[in-house]
Amino acid sequence: MTVSPELRTPRQATPDLLRSVFRQHAAGVAVITAHGDRPVGFTATSLNSVSAEPPLISFGVGTGSSSWPVLSEAEHIGVHILGEHQSELATTFARSGADRFAAPTSWRLGPEGVPLLDGVLAWLVARVVAKVPAGDHRIVIAEVVEGDPRGEGRPLLYHQGRFNALRD
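Residues numbered from 1 in each chain as written. Predicted model: local features only at pLDDT ≥ 70, side-chain atom pairs only at ≥ 80, totals over all residues. Heavy atoms only, no water.

Requested: an account of the pattern of salt bridges, with residues and values cited.
Side-chain pairs of opposite charge can arise where the charged atoms are in close proximity. Going through the model one piece at a time under the given rule, you end up with four salt bridges. In this structure, the salt-bridge partner of R19 is D16, at a minimum N-O distance of 3.0 Å. Taken together, the residues span about one helical turn, with R19 and D16 both in helix α1 (residues 15-22) at a distance of three residues. What makes R19 partly exposed here is its relative accessible area of 46%. (Salt bridge = Lys/Arg side-chain N within 4 Å of Asp/Glu carboxyl O. Helix = DSSP H or I, 4+ residues; strand = E, 2+ residues; numbered from the N terminus. Buried < 20%, exposed > 50% of the residue type's maximum accessible area, 1.4 Å probe, protein only.)

Explain the side chain of D148 to me, using residue names and the numbers behind them.
Here D148 lies in strand β10 (residues 137-148). Ignoring anything within four residues of it in the chain, the contact list for D148 reads L121, A122 and W123. (Contact = heavy atoms within 4.5 Å.)

Provide a residue-level description of the pairing of strand β2 (residues 30-35), including the pertinent values.
Regular strands have side chains that alternate between both faces of the sheet. Taken across its six residues, β2 has five buried, putting it largely inside the fold. Bridge analysis of β2 against strand β3 (residues 39-44) gives six bridges, and the strand direction is antiparallel. Each residue of the ladder has a partner; that of A34, found in β3, is V40. The hairpin formed by β2 and β3 contains three residues between the paired strands. The sheet contact formed by β2 and strand β6 (residues 76-81) spans four bridges and is antiparallel. Within the sheet, the bridge partner assigned to A30 lies in β6 and is I81. (Pairing = 2+ DSSP bridges.)

Give me the sheet that holds β3: which residues, what numbers.
Reading across from one edge, β3-β2-β6-β9-β10-β5-β4 is the order of the seven strands in this open sheet, with antiparallel pairing throughout. Each edge of the open sheet carries a strand with a single partner, namely β3 and β4 (48-51). On average, adjacent strands in this sheet sit at an angle of 35° to one another, irrespective of strand direction. Two strands pair when backbone bridges link them, and β4 and strand β5 (residues 56-62) are joined in this way by three bridges, in the antiparallel orientation. (Axes fitted to C-alpha atoms, helices over the stretch in contact; angles between N-to-C directions.)

Account for the packing of aromatic side chains, naming residues and giving values.
One pass over the full model with this rule turns up four aromatic pairs. Between F42 and F59, the aromatic rings sit 6.0 Å apart at their centres with planes inclined by 55°, giving tilted as the arrangement. Placement of F42 in strand β3 and of F59 in strand β5 is noted, with a sequence separation of 17 residues between them. You'll find F42 and F59 in the same group, each marked buried. Put simply, the rings of F93, F101 and W107 touch in pairs and so form one group of aromatic residues. (Phe/Tyr/Trp six-rings, centres within 6.5 Å; stacked < 30°, edge-to-face > 60°.)

Describe the nonpolar core, naming the residues involved and giving the relevant values.
Grouped together as the largest cluster of nonpolar side chains are 19 residues, with contacts concentrated most on I32, F59, L71 and I77. Those elements giving two or more residues to this core turn out to be β2, β3, β5, α2 (68-71), β6, β9 (122-134) and β10. Leaving out residues up to four positions away in the same chain, L71 has contacts with I32, A34, F42, V61, I77 and K131. In terms of nonpolar packing, the next biggest core, distinct from the first, is built from 14 residues, L89, F93, F101 and L117 among them. (Core = buried A, V, L, I, M, F, W, Y, C linked by side-chain atoms within 4.5 Å.)

Let's hear about the pairing of strand β12 (residues 162-165): which residues, and what values?
Bridge count for strand β11 (residues 156-159) against β12 is four bridges, and the pairing is antiparallel. Paired with L157 across the two strands is N164, which belongs to β12. The turn linking β11 back onto β12 is made up of two residues, and Q160 within it adopts a positive phi angle of 55°.

An account of the sheet that holds strand β1 (residues 27-28) is requested, with residue identities and associated values reported.
Read across the open sheet, the three strands follow the order β1-β11-β12; overall the sheet is antiparallel. Each edge of the open sheet is held by one strand with a lone partner, namely β1 and β12.

The following block contains the structure:
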């Protein structure tokens, strides 16, 4: 058996190693929103479909994030799949300290009082069913209660630390 040169010198597990490896993994870009005493939201690349029956999704959120105090108490959350034309929106919701819901962000209150972003490829409203501790994060599992998949365009991706468009 021949060992490729790239596999000869493994690195010890560190946060930097994990970040370096996942920079190679292209991921779809979503924004998660919730409403408590104020609307909150953040850009997520950890969104996953968990189950079709019942319809469950999951995502990770850092417990040190500015959104976590509201999300930790939220009964419902909004999930927004961003289009390739929305890299500025993704950047706004990824930026610490930004007023994410100020202009030019266009949004409205949706079902269950969840903030819904306008112009996205698709959105869901989901009821939070579990928050699982995972290091400095929580894995949130939520059951979908409503949604709309009818936005137009192509998805926004995150790869190599940048937002990118899908290419054929």
